[in-house]
Amino acid sequence: MKTKPKCSLIQAEIDKQLAELNAQNLLLQRDNKLLRQQNKLLEQKLNAALDGTGLCVWEQHIPSGNLTMYNMEWGSLLGYTIDELAAHIDSWKANLHPEDRDWVIANFDDHIGGKTDSYDVTHRMLHKDGSVSWVSDRGRVIEFDDSGKPLRIMGTHVDITKEKRYELELDKLAHRDPLTDLLNRKALLKAFERQCKRIGGGALMFIDLDDFKSHNDRYGHKFGDSLLMQIASTLRQITEESNNIARLGGDEFVILFESLQQVELASIADRVLTAFAMITHVEGRNVSIGMSIGISEFTNQTFEQVCEQADQAMYQVKHQGKNSYRFFSELLK
């Protein structure tokens, strides 16, 4: 009985193994194709879920600084193409709002350095067209190298510009006079309280227009509103050193100062009177504008007490001929 040559048996075994490997390779190719399809489907589902939300998922390779965005092109949130803005941490830093840049980067570095459990900030960025975009950024280190140094950080970036603008508009309505955009009484009170805590005192200038009602009754409310807006604009120009200018209602304006120097305050009052003496043309009509101004210096009085003192000084001016100013302290002499 003849037996197969040994080499034939070896070849047969090799052919068998090759057939098994080919079969396994086909299975792996099929599985790989299936995984790619599943991955593509997951990406489509993710993009569909995130589409229109302004949210993007990002990842940074920390040693190189390279950034990857998974559901949109890098830079698109700020109006750039990938050719205009490199997908790198330095590009991100360069487009942070100048007023936010230092503290945002500090927060990011604190997390990378292990000082915080996560990176979570709301800040501003500069759009290509020069506008400001508000974003909510969150991230967490997800991988470390063999020596324990952070290798990758992953997070989300959400455009909240519309929501932030709405929030700022609500805040403006709550703290601003709708006609002149000056502070309202509520906002002035807060400014007064902050100033008292910070420096312990200051001065309050109470301004009341002379004969405003007669002008308003004679020429109508449109004329009156135009006059009040012009007065608000002029006060801003005269008192650039103070952001705390308020309209309490009607024709009453208040300015809060940090200075307690009567010479300086008197100089500002004189500039106010001079400026408004020059306002003679409003809504096509020539008018004469006078101001009665009361000034109260304060250290430990309440807001109501300071307003009352300035009001008393202002009414003393009214009784003595109008269009002038007086300090409340002079009433005590």
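As recorded in an unreviewed UniProt entry, the protein chain goes by the name Sensor domain-containing diguanylate cyclase, listed as coming from Shewanella fidelis.

Q: Got a minute to help me understand the UniProt feature "domain: PAC" (unreviewed entry) in the protein chain in this structure?
A: According to UniProt, the feature "domain: PAC" (unreviewed entry) maps to residues 119–172 in the numbering used here. Between the end C-alpha atoms of residues 119–172 the distance is 30 Å, and the span holds 22% helix and 57% strand.

Q: Looking at this structure, I do not really get the pattern of salt bridges. What am I missing?
A: Evaluation of the coordinates by the stated rule reveals 13 salt bridges. A salt bridge links lysine 318 to aspartate 208; the nearest nitrogen and oxygen atoms lie 2.7 Å apart. Of this pair, lysine 318 sits in helix 9 (residues 303–319) while aspartate 208 sits in strand 6 (residues 202–210), and the two are 110 residues apart along the sequence. Like aspartate 208, lysine 318 is buried. Several salt bridges converge on common partners, so that one network encompasses Glu59, Glu143 and Arg152.

Q: When you look at a nonpolar patch on the surface in this model, what are you seeing that I'm missing?
A: Where nonpolar side chains cluster on the molecular surface, the patch consists of Ile10, Ile14, Leu18 and Leu21 and spans about 350 Å² of accessible area. Examined against the element boundaries, leucine 18 turns out to sit in helix 1 (residues 6–50). Residue leucine 18 is classed as partly exposed on the basis of its relative accessible area of 43%.

Q: What should I look at first to understand the pairing of strand 6 in this one?
A: A regular strand carries its side chains on alternate faces of the sheet. Buried residues dominate strand 6, accounting for 9 of its 9 residues. Here 9 bridges tie strand 6 to strand 11 (residues 290–298), and the two strands are oriented antiparallel to one another. Considered in strand 11, the bridge of aspartate 210 is made with glycine 290. Where strand 6 and strand 8 (residues 252–257) come together, 6 bridges link them in antiparallel fashion. Paired with leucine 204 across the two strands is leucine 256, which belongs to strand 8.

Q: How should I be thinking about the sheet that holds strand 2 (residues 66–69) in this particular structure?
A: Hydrogen bonds between backbone groups are what pair the strands of a sheet, and the pairing can be parallel or antiparallel. Strand order in the open sheet formed by 5 strands is 2-1-5-4-3, and the pairing between neighbours is antiparallel. The open sheet has two free edges, formed respectively by strand 2 and strand 3 (119–126), since each of these has just one partner strand. The sheet shows a mean angle of 30° between the axes of neighbouring strands, taken without regard to direction. Note that strand 3 and strand 4 (residues 132–144) share 8 bridges and pair antiparallel.

Q: Honestly, the packing of aromatic side chains in this entry has me stumped. Any pointers?
A: Here the distance between the centres and the angle between the planes together describe a pair of aromatic rings. Enumeration over the complete set of coordinates arrives at 6 aromatic pairs. Both rings, one in tryptophan 92 and one in phenylalanine 108, keep their centres 5.6 Å apart while their planes meet at 50°; by these two values the pair is tilted. Of this pair, tryptophan 92 sits in helix 2 (residues 89–94) while phenylalanine 108 sits in helix 3 (residues 101–112), placing them 16 residues apart in sequence. Classification of phenylalanine 108 as buried rests on a relative accessible area of 7%. Ring-pair connections join several aromatic residues into one group, and the members of that group are Trp92, Phe108 and Tyr119. Across the ring face of tryptophan 134, the terminal group of lysine 164 is positioned such that the distance to the ring centre comes to 4.7 Å.

Q: Is there a simple way to think about helix 4 (residues 161–175) in this case?
A: Because an α-helix completes one turn every 3.6 residues, residues spaced three or four positions apart along the sequence face the same direction. Taking 1.5 Å as the rise per residue, helix 4 with 15 residues should run 21 Å; its terminal C-alpha atoms sit 21 Å apart, in good agreement. Among the residues of helix 4, Thr161, Lys164 and His175 are the ones counted as buried. One side of helix 4 holds all its buried residues, which, seen down the axis, span an arc of 65°. Residues of helix 4 that are exposed and point more than 90 degrees away from the buried face comprise Lys162, Tyr166 and Leu173. Packed against the buried residues of helix 4 are strand 4, strand 5 (150–159) and helix 5 (185–199).

Scoring rules and cut-offs
- Residues numbered from 1 in each chain as written.
- Predicted model: local features only at pLDDT ≥ 70, side-chain atom pairs only at ≥ 80, totals over all residues.
- Heavy atoms only, no water.
- UniProt positions renumbered as here; feature names shortened; annotations may be inferred.
- Helix = DSSP H or I, 4+ residues; strand = E, 2+ residues; numbered from the N terminus.
- Salt bridge = Lys/Arg side-chain N within 4 Å of Asp/Glu carboxyl O.
- Buried < 20%, exposed > 50% of the residue type's maximum accessible area, 1.4 Å probe, protein only.
- Patch = residues over 30% accessible without salt bridge, like charges linked within 9 Å, V, L, I, M, F, W, Y side chains within 5 Å.
- Areas by Shrake-Rupley, 256 points an atom, 1.4 Å probe, with all protein chains shown as cover.
- Pairing = 2+ DSSP bridges.
- Axes fitted to C-alpha atoms, helices over the stretch in contact; angles between N-to-C directions.
- Phe/Tyr/Trp six-rings, centres within 6.5 Å; stacked < 30°, edge-to-face > 60°.
- Lys NZ or Arg CZ within 6 Å of the ring centre and 35° of its normal.
- Expected span 1.5 Å × (residues − 1).
- Arc of directions from axis to C-beta.
- Contact = heavy atoms within 4.5 Å.

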